[in-house]
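Each chain is listed here by its residues.
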Protein chains: 6
Amino acid sequence: MRTDGRTAEQLREVNMITNFTKHPEGSVLITVGETKVICNASVEDRVPPFMRGQGKGWITAEYAMLPRATEQRNIRESSKGKVSGRTMEIQRLIGRALRAVIDLDLIGERTIWVDCDVIQADGGTRTASITGAFVAVALACGKLLKEEKISKMPIKHFLAATSVGVTEEGSSILDLCYEEDSTASVDMNVVMTDQNEFVELQGTGEEATFSPNQLNELISLAQKGINELFSIQKDALGDVAERIGEGK
Amino acid sequence: MRTDGRTAEQLREVNMITNFTKHPEGSVLITVGETKVICNASVEDRVPPFMRGQGKGWITAEYAMLPRATEQRNIRESSKGKVSGRTMEIQRLIGRALRAVIDLDLIGERTIWVDCDVIQADGGTRTASITGAFVAVALACGKLLKEEKISKMPIKHFLAATSVGVTEEGSSILDLCYEEDSTASVDMNVVMTDQNEFVELQGTGEEATFSPNQLNELISLAQKGINELFSIQKDALGDVAERIGEGK
Amino acid sequence: MRTDGRTAEQLREVNMITNFTKHPEGSVLITVGETKVICNASVEDRVPPFMRGQGKGWITAEYAMLPRATEQRNIRESSKGKVSGRTMEIQRLIGRALRAVIDLDLIGERTIWVDCDVIQADGGTRTASITGAFVAVALACGKLLKEEKISKMPIKHFLAATSVGVTEEGSSILDLCYEEDSTASVDMNVVMTDQNEFVELQGTGEEATFSPNQLNELISLAQKGINELFSIQKDALGDVAERIGEGK
Amino acid sequence: MRTDGRTAEQLREVNMITNFTKHPEGSVLITVGETKVICNASVEDRVPPFMRGQGKGWITAEYAMLPRATEQRNIRESSKGKVSGRTMEIQRLIGRALRAVIDLDLIGERTIWVDCDVIQADGGTRTASITGAFVAVALACGKLLKEEKISKMPIKHFLAATSVGVTEEGSSILDLCYEEDSTASVDMNVVMTDQNEFVELQGTGEEATFSPNQLNELISLAQKGINELFSIQKDALGDVAERIGEGK
Amino acid sequence: MRTDGRTAEQLREVNMITNFTKHPEGSVLITVGETKVICNASVEDRVPPFMRGQGKGWITAEYAMLPRATEQRNIRESSKGKVSGRTMEIQRLIGRALRAVIDLDLIGERTIWVDCDVIQADGGTRTASITGAFVAVALACGKLLKEEKISKMPIKHFLAATSVGVTEEGSSILDLCYEEDSTASVDMNVVMTDQNEFVELQGTGEEATFSPNQLNELISLAQKGINELFSIQKDALGDVAERIGEGK
Amino acid sequence: MRTDGRTAEQLREVNMITNFTKHPEGSVLITVGETKVICNASVEDRVPPFMRGQGKGWITAEYAMLPRATEQRNIRESSKGKVSGRTMEIQRLIGRALRAVIDLDLIGERTIWVDCDVIQADGGTRTASITGAFVAVALACGKLLKEEKISKMPIKHFLAATSVGVTEEGSSILDLCYEEDSTASVDMNVVMTDQNEFVELQGTGEEATFSPNQLNELISLAQKGINELFSIQKDALGDVAERIGEGK
């Protein structure tokens, strides 16, 4: 039994409030247990200089936490004047993951900016960001379709992410909260498509190691959790969900 | 009649959700019309080096906007590597205003960090930040009182802020939304206490000027609006409201 | 009686040396008591990218202090690698104030850079900067007129600034020196035109507040002082003074 | 057959020159095919502030490339004034990997700085860095042992890394050179110990995905390659190799 | 005959106004022809961390130009967020030169900050800065002596600097103004003591070279010019001049 | 007799490995005693914006040290986020020296980037960088000639550099190693052409001074050393050496 009463293979409760703020083309507040992330997708009608004239689009992501999203207040990265290594790692991951399931040719010379801002953190902020960002981008694409700026849904597959890990006692668990994450000996983030394929797999022994068997166990857990996330994404997207895959 | 149907002397609807996020000692989501700001107050048990050993506290504020809080996406200040002049001006204003009504001796050697993060902007973000930050700080002080870390409420007076301005046509109006603000010829931010005293007054002619008579008109409007804000703050604070002023 | 023997409503002695350095199109050394500021106006024959092709000009200001302009040496902002919030606030104020009395259409596609460098500080550096910068810009415009690069004086009104404040004892005083400023409970900077209109009004209670009555008293004092400054500006400008307002 | 004539499961030729430069406590030039990295380990007799007084040590890594290590010259990160996201990601990975096999308690209050400087790049610079850095750190620990500053070898296991990937045509290959890496659809970096356990696993679909079966294939290839690297490390370390594991 | 009518071996007119600003312990405005530099020496009663507890002092220099000290306005280094290579080179030179003639043991645990701010530039700003800074530091030491904070003058010798160069036509000339400097094929800065010894010699062929004979000619010219500067420094220093050398 | 057994006028052993890394157009590892510098010359087919359209080229240099090139590890400049004054001084010197012997018109609209990366330091890194960089640039020009991208060798003269100095005991010595350099009272860097002309001369008294006689002695020593360096450069360059001077 885990500290919050879950079984080893149980996700935390996941909710999504779509159209959370009014300006972005796609906006979602995702909550995964006590973790809350605002995921906004903004469409800009141009691409970065290195991509101009190719008729294709670009997707890039940024990630940040409010200073008091965490138990202890963190110094604002704008005050420090630089983005931390952790932040860079996460925002590169989010962008890469989204690009794996989106046909950039189908969005035309547009940039989709994805902003994931954690307003409350309790572990798993990067995987919640990916899962929420997918929905925000899908909503933004839905808007482009509705306004007939594009003719086919550029998203090829559903995409979601979760974390899995090995506790100090050696058990494999799904969807770690902060307390679990901070004591786990192995931590793995898994990003998958609804084709049951991996987009990204990042497993790390925290001053520890893990065996091939443990790897297999962790992957099974992650697959199970991610499949549940796909249902929640479908519910949140409504009609837009049905068009995903049409441009494959 | 204004674009959103208000009279010249009417505030937008104002709401406050207290305890909006779970980690901060004081947390409020303030909405003023379509403007939404998360105001968090964090208590740290130490003061900056230049204040150590004096037995008194410190209050400082930071302000930011999510990139897509606005109609057009703004570049993140952490990505640019520096805080803009506008941001600095606003966060200095918020901190200064709060310090005017708080007895720093009564909070002991503690720092109260105030974070105002605008998640949706529609004009008046700096005055909404002050009005909401006051409530967040009061909640944080209420928590310190309840935990008996301090014995007297350090807040001497209520504090709230609003904007007033002169339209292109020359009418004085209260609580400008973004559309009004961007065309106004005069813009004034007023911060007051419930003693009907000014804490800060910043009036600016935007490529225009204003007469002493107009100044008086604007101030009357502001006083009216701020008095309404005090009621809303009192409701949001509940019991804590009653202790304000006890340490005067 | 004030520390330097002045009455409450007396300005310090104000002097201006025009053409203080040889390169700028307009150059003034303004001294207000012991405060000394070099105000240089530089004309550049192009505007920033966001203004190109509109046929109108731009005015922007920068402000700095020599490290030992003050009693204690300050670290150079170039060494710190960033401009402080205070500096940003001041240079934004100077630029905004100047733009309020200048018809940018009449200067053509040119930028006027205003540099206010404080070589000795004794309170009131921002208001001395505005008062001196006005003269520097007027001289630069005079040069453009003389060289027939522009045909009408783009300056619509005279512009000057001073500070007023409330002492710890509660008296209102004009033109605070550093010693007065550092103990005042209220500090207000007032920028006005010779039409007796406000351009900017910034009143701040320093851990204190002020009443509507005190506001009125302070404004009267400021009006009196600023009227004296207009005379000094006119003397400094000579012939150029007469053309001000012609393009209104 | 691969572009350089290797089979799918063949490593490039790997060499290590120990004591490559004279100042560091441990210094290695590792060459993996045409990739060349100087790995230096520096011992400093103190730890960062947050670790003082705990009697244990710290290991941290930095990674850089000479500007012309690559086909096209890159701008120096010191000139740009900031470290790129890619560099941060790599140096965090190297440090984390080394810490997984080193008992920090056994190195006392010392910091081991690992500097991996790529002087020629042809793919796989991060895995070559880890493999070489391990040897540099082992040499530095050997020196501490010889000088009797520590009494037991703090390294618990051998550690090495390689890359594996899936080509556009769908074949799994070991140890990708730059040309292969730039066209691969999947790229995975694997860090393992000589206990056949994973320390880090980072698989990424580059605008592509990979199946669980492909994952297993890639892992087998990586295990094979890493086992060969352990032999090369042992040869390079000589006597020092024998002490690894003694402090487990 | 030179553009300004001087002979090849003639200095421009040199003047020094001592006590130019009121706060610094030593303050000089030096003018060398049209070049004008404010040289301020500030005494701080502590030394940088790396020198604490040794009972000796430190001298360091900073150099800057007002944006419009030059014909074309330069961007402020504080706005750019970094100090240019040229500025660093010059301020390192000024500090090093001053330290060569000052006995740091005799100033106790104090730092002398030297600030050279060019308000008008017409060539030779770095040598004018050294010549003026010497006087500012001597005045500051004189003040320390008068206040009996130190007992012996720490300055061992007079120190002054000038530039020499070779024109496009091949003539050697003394004290180049900007026009001469910008076309010279060789430019040399010479810093000497009144013992006729060199402190610093920096000769540079600007896309040109110079022979050993030219070197000798340039050095003779510089010696002649610097000897004249010593007289001007002595006049400016008055009584303080007599104590220089007493602590040798 | 010197610490390493050399006579006062003896260079350390100098070696050059050409084509040290494979990507640069010119690549040299120069070793001067224990000082080792990788000098790479990269040719880019465009010039900086300020030089476009003039049909001539540009040469610029960058210099850095690996963190552990020195006895004590230095913090990486990319981590500090800025380039030190020392680094800037050195890289400006290298670029200026090279430009003095190269006819920029003959290289067409190309930039030659010279990167000098010190992998092991034992004094004289800046002079070794110049001597090695000259060879790297000559090799790169040789390659342009061979590929018939240019028709004449743009290098007019050989160029090399060495250091000379005065020991604490007053002897003049050639080519100082780190130990000698750190105790020398005078340090001079001399850059010359094979026409026996100076390109750059930088002599500095380190809290000391030097006489005209000492200057002459130092220059003779430097001339002797630099002549030996020319032979070593010629050997390293082989055929390319013969074309130097052809475009004069």
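In this convention, every chain numbers its residues from 1, walking through the sequence in written order. The naming scheme follows written order: chains are lettered A onward, ligands numbered 1 onward. For a predicted model such as this one, the threshold for reporting local features is a pLDDT of at least 70, and the threshold for listing and counting side-chain atom pairs is 80 or more; totals across whole chains, interfaces and linings nevertheless cover every residue. To obtain the side-chain values, all non-hydrogen atoms of the structure were included, while hydrogens and water were left out.

- An unreviewed UniProt entry lists chain A under the name Ribonuclease PH, with Piscibacillus salipiscarius given as the organism.
- What UniProt states about chain A under its Subunit (unreviewed entry) heading is, verbatim, "Homohexameric ring arranged as a trimer of dimers."
- UniProt positions are given in the numbering used here, feature names are shortened, and annotations may be inferred rather than shown by experiment. You can read under Sequence similarities (unreviewed entry) in the UniProt record for chain A the words "Belongs to the RNase PH family."

## Topic: the relation of the copies chain A and chain B
Then step 1. Rotating chain A by 180 degrees about the axis while translating it 0.0 Å along that axis superimposes it on chain B, leaving an RMSD of 0.0 Å. This pairing of chains is accounted for by a two-fold axis.
Then step 2. Interface overlap between copies is the fraction of interface residues in one copy that are interface residues in the other; for chain A against chain B it reaches 100%, indicating a shared surface. Least-squares fitting of one copy onto the other uses the C-alpha atoms of those residues that reach a pLDDT of at least 70 in both copies. What makes two residues a contact is simply this: any of their non-hydrogen atoms within 4.5 Å.

## Considering the confidence of the model for chain A
Then step 1. For chain A, per-residue confidence averages 95 on the pLDDT scale, and residues scoring 70 or more make up 100% of the total.
Then step 2. Here the complex is predicted with pTM 0.91, and the ipTM for its interfaces comes to 0.94. Each residue carries a pLDDT score, the predictor's own confidence in it, on a scale running from 0 to 100.

## Quick look at helix α3 (residues 125–146) of chain D
All names here are of chain D.
Then step 1. What counts as a helix is a DSSP run of H or I of at least four residues, what counts as a strand is a run of E of at least two, and both are numbered from the N terminus. Expected span of a helix, by definition, is 1.5 Å for each gap between consecutive residues, and there is one gap fewer than residues. Across its 22 residues, α3 extends 31 Å between first and last C-alpha, which sits within 8% of the 32 Å expected from 1.5 Å per residue.
Then step 2. Between buried and exposed lies partly exposed: a residue is buried under 20% and exposed over 50% of the maximum accessible area for its type, with that area taken using a 1.4 Å probe on protein chains only. Most of α3 is tucked away: 20 of the 22 residues are buried.
Then step 3. Once α3 ends, the next one or two residues include Glu 148, with phi positive near 55 degrees.

## A short note on the arrangement of the chains
Then step 1. For chain A and chain E, which are not in contact, the least C-alpha distance works out to 11 Å.
Then step 2. With respect to C-alpha atoms, chain B approaches chain F no nearer than 11 Å, and the pair has no contact.

## Some points on the interface of chain D and chain F
Then step 1. With 36 residues of chain D at the contact, the number on the chain F side is 36 residues.
Then step 2. Once two parts are brought into contact, the accessible area they lose, counted with a 1.4 Å probe and summed over both, makes up the buried area. Buried area between chain D and chain F, summed over both chains or domains, comes out near 2,900 Å², and the portion from carbon and sulfur atoms is 50%.
Then step 3. Any Lys or Arg side-chain nitrogen located within 4 Å of an Asp or Glu carboxyl oxygen qualifies as a salt bridge. With its nearest N and O atoms 2.6 Å apart, the salt bridge here joins D:Arg68 to F:Glu25.
Then step 4. Side-chain atoms alone can form a polar contact between residues adjacent in sequence; in general such a contact is a pair of N or O atoms within 3.5 Å, and within protein one must be able to donate a hydrogen while the other accepts it. Taken together, the links from chain D to chain F amount to 24 residue pairs in polar contact (both at pLDDT 80 or more).
Then step 5. Where the side of chain D that touches chain F is concerned, the elements lending two or more residues are β3 (35–44), β4 (58–65), α1 (77–80) and β5 (111–120) of chain D.
Then step 6. The residue inventory of the side of chain D that touches chain F, partitioned by class, reads 14 nonpolar, nine polar and 13 charged. Three classes are used, and their members are as follows: Ala, Val, Leu, Ile, Met, Phe, Trp, Tyr, Cys and Pro are nonpolar, Asp, Glu, Lys and Arg are charged, and the others, Gly among them, are polar.

## Examining the relation of the copies chain D and chain F
Then step 1. Superposition record for chain D on chain F: RMSD 0.0 Å, screw rotation 180 degrees, translation along axis 0.0 Å.
Then step 2. In this assembly the copies share their binding face: 100% of the residues contributing to the interface of chain D also contribute to that of chain F.

## So, the interface of chain A and chain B
Then step 1. Opposite the 37 residues of chain A that make contact, chain B presents 37 residues.
Then step 2. Regarding the contact of chain A and chain B, the summed buried area is about 2,900 Å², with carbon and sulfur atoms giving 50% of it.
Then step 3. Taken together, chain A and chain B are joined by 24 residue pairs in polar contact (both at pLDDT 80 or more).
Then step 4. Where the side of chain A that touches chain B is concerned, the elements lending two or more residues are β3 (35–44), β4 (58–65), α1 (77–80) and β5 (111–120) of chain A.

## Things to note about the environment of B:Glu25
Then step 1. Its place among the elements puts B:Glu25 in the loop between β1 (14–18) and β2 (26–32).
Then step 2. Measuring from C-alpha to C-alpha, the distance between B:Glu25 and B:Leu139 comes to 7.1 Å, with 114 residues separating the pair along the chain.
Then step 3. Excluding residues that lie within four positions of it along the chain, B:Glu25 makes contacts with A:Arg68, B:Ala41, B:Ser42, B:Val43, B:Leu139, B:Ala140 and B:Lys143.
Then step 4. At 2.6 Å, the side chain of B:Glu25 and the side chain of A:Arg68 are in polar contact.

## Focus: the UniProt feature "binding site: phosphate" (unreviewed entry) in chain A
All names here are of chain A.
Then step 1. According to UniProt, the "binding site: phosphate" (unreviewed entry) feature falls on Arg 86, Gly 124, Thr 125 and Arg 126. These annotated residues cover 41 residues of sequence, and their C-alpha atoms all fall within 13.4 Å of one another, placing them together at a single site.
Then step 2. Looking at the element boundaries, Gly 124 is found in the loop between β5 and α3 (125–146).
Then step 3. Residues in contact with Gly 124, not counting those within four places in the same chain, are Arg 12, Thr 35 and Leu 176.
Then step 4. Inspection of the secondary structure puts Arg 126 in helix α3.

## Section: the pairing of strand β9 (residues 198–205) of chain B
Then step 1. Extensive coverage of β9(B) is indicated by the burial of eight of its eight residues.
Then step 2. In this description, strands pair whenever DSSP reports at least two bridges between them. Pairing geometry for strand β8 (residues 186–193) of chain B and β9(B), over seven bridges, is antiparallel. Bridge pairing in β9(B) places B:Asp187 opposite B:Thr204.
Then step 3. With antiparallel pairing between neighbouring strands as the criterion, β8(B) and β9(B) make up a hairpin whose turn holds four residues, including B:Asn196 at a positive phi of roughly 65 degrees.
Then step 4. Note: β9(B) against strand β9 (residues 198–205) of chain C, five bridges, orientation antiparallel. Its bridge partner lying in β9(C), B:Gln202 is registered against C:Gln202.

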